[in-house]
Amino acid sequence: MSPDPYTGKVVSTDGTVIAFDRRGDGPPLVLVLGAFNDRSTHQAFAEELATYFTVFNYDRRGRGGSGDAPEYSVDAEIADLAAIVAQTSSAPVIFGYSSGAVLALAAVAAGTPAGGLALYEPPPVRTDQPFAEQLDRLVTAGERGTAVEYFQTDIIGIPESIVSQMRNAPFRPALEAMAHTLVYEMTILGGAIQPADSAAAVSVPTVVLVGEQSPPMLHDSAAAIASANAAFRVQVLPGQNHDIVPAVVSLELKDRFLQRH
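Residues numbered from 1 in each chain as written. Predicted model: local features only at pLDDT ≥ 70, side-chain atom pairs only at ≥ 80, totals over all residues. Heavy atoms only, no water.

A. Representation of the layout of surface pockets in the model. Taken as a whole, the largest pocket encloses approximately 900 Å³ of empty space. Lining of the largest pocket is provided by 28 residues; of these, Tyr-97, Ser-98, Phe-151, Ile-156 and His-242 occupy positions nearest its centre. Mapped by element, the contributors of at least two residues to the lining of the largest pocket are helix H5 (144-156), helix H8 (181-192) and helix H10 (216-227). Examining the composition of the lining of the largest pocket, we find that four residues originate from one element, H5, more than from any other. Residues belonging to the lining of the largest pocket are distributed by class as follows: 18 nonpolar, eight polar and two charged. (1 Å grid on protein atoms, 1.4 Å probe; cavity = no way out; pocket = protein on both sides within 12 Å on 5 of 7 lines; lining within 4 Å. Points joined across faces, edges and corners; volume = space filled by probe spheres on them. Helix = DSSP H or I, 4+ residues; strand = E, 2+ residues; numbered from the N terminus. Nonpolar A, V, L, I, M, F, W, Y, C, P; charged D, E, K, R; others polar.)

What follows is the structure, encoded as structure tokens:
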């Protein structure tokens, strides 16, 4: 039986407090989540993974129970992840989701210890528009709702008709509370990290996961990252899309990173 979940905090190199949950008693695995996510939004995924792994599910800076700093940098986020990894009993599998996958890739390339790396649908880097700057202007002006919708429509490509239907959704306040972290996501995806360069510097077993039903740009991004390192593999998950289905993805990680008995 797995031990009861443990909630703790670590202090990153710049003094920012990073909150995390730990559950399970298998080999360690760290979750690095993407936009609009804190550790509560993927609790079911963490619980499913805990069947096989000791799971460290943390709040990236600026969200949930974690602190923040006046100035953002990708290096600071890499240091946050390294501080979580330092809590594990051995070099963990690091699982990155969406923009968190790009961050996880860069962290491992920069020397964060890992026994394996799984990247779930890393988006393409986009340098064609100043997305981070526009989001920062909106958030600074107090227009958090507008920032959320700008991200949804102009960056992700959700149709305006669907975005308007979500304005009164019960989860909308949580999205607005994390609106400032969209600046962080688009800094990561706006050229601060070059995924191909990062991939070339990684030497741990790595799989790039993509859902069969996900948009072509995510398949293309997965293929581009994998092409930068001959040891990387792309795994297409039948019937899946950008939303994580805990049972499906957990079993894939178990089969790929744990010794079969």
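B. Expanded view of the environment of Val-125. With respect to the secondary-structure elements, Val-125 resides in the loop between strand S6 (116-120) and helix H4 (131-140). Taking the relative accessible area as the measure of exposure, Val-125 reaches 25% and is therefore partly exposed. Taking the C-alpha atoms as reference, Val-125 lies 26 Å from Ile-18; in sequence the two are 107 residues apart. Each residue touching Val-125, except ones within four places of it in the same chain, is listed here: Leu-189, Gly-190, Gly-191, Ile-193 and Pro-195. (Buried < 20%, exposed > 50% of the residue type's maximum accessible area, 1.4 Å probe, protein only. Contact = heavy atoms within 4.5 Å.)

C. Expanded view of the nonpolar core. Counting 57 residues, the largest nonpolar core has Ile-94, Leu-117 and Leu-135 as the members making the most contacts within it. Considering every element that reaches this core, the biggest residue donor is helix H3 (residues 99-109), with eight residues. Membership of the second largest hydrophobic core comes to 22 residues, among which are Leu-31, Tyr-120, Ile-244 and Leu-253. (Core = buried A, V, L, I, M, F, W, Y, C linked by side-chain atoms within 4.5 Å.)

D. Quick peek at the side chain of Glu-149. With respect to the secondary-structure elements, Glu-149 resides in helix H5. When its relative accessible area of 13% is taken as the criterion, Glu-149 is described as buried. With residues up to four places along the chain from it excluded, the contact list for Glu-149 reads Asp-154, Val-163, Arg-167 and Arg-172.

E. Summary view of the packing of aromatic side chains. For the coordinates displayed, the defined rule picks out eight aromatic pairs. Among the aromatic residues, those joined into a cluster by ring pairs are Phe-45, Phe-95, Tyr-97 and Tyr-120. (Phe/Tyr/Trp six-rings, centres within 6.5 Å; stacked < 30°, edge-to-face > 60°.)

Fair warning: the whole summary comes from geometry, so function is off the table for now.
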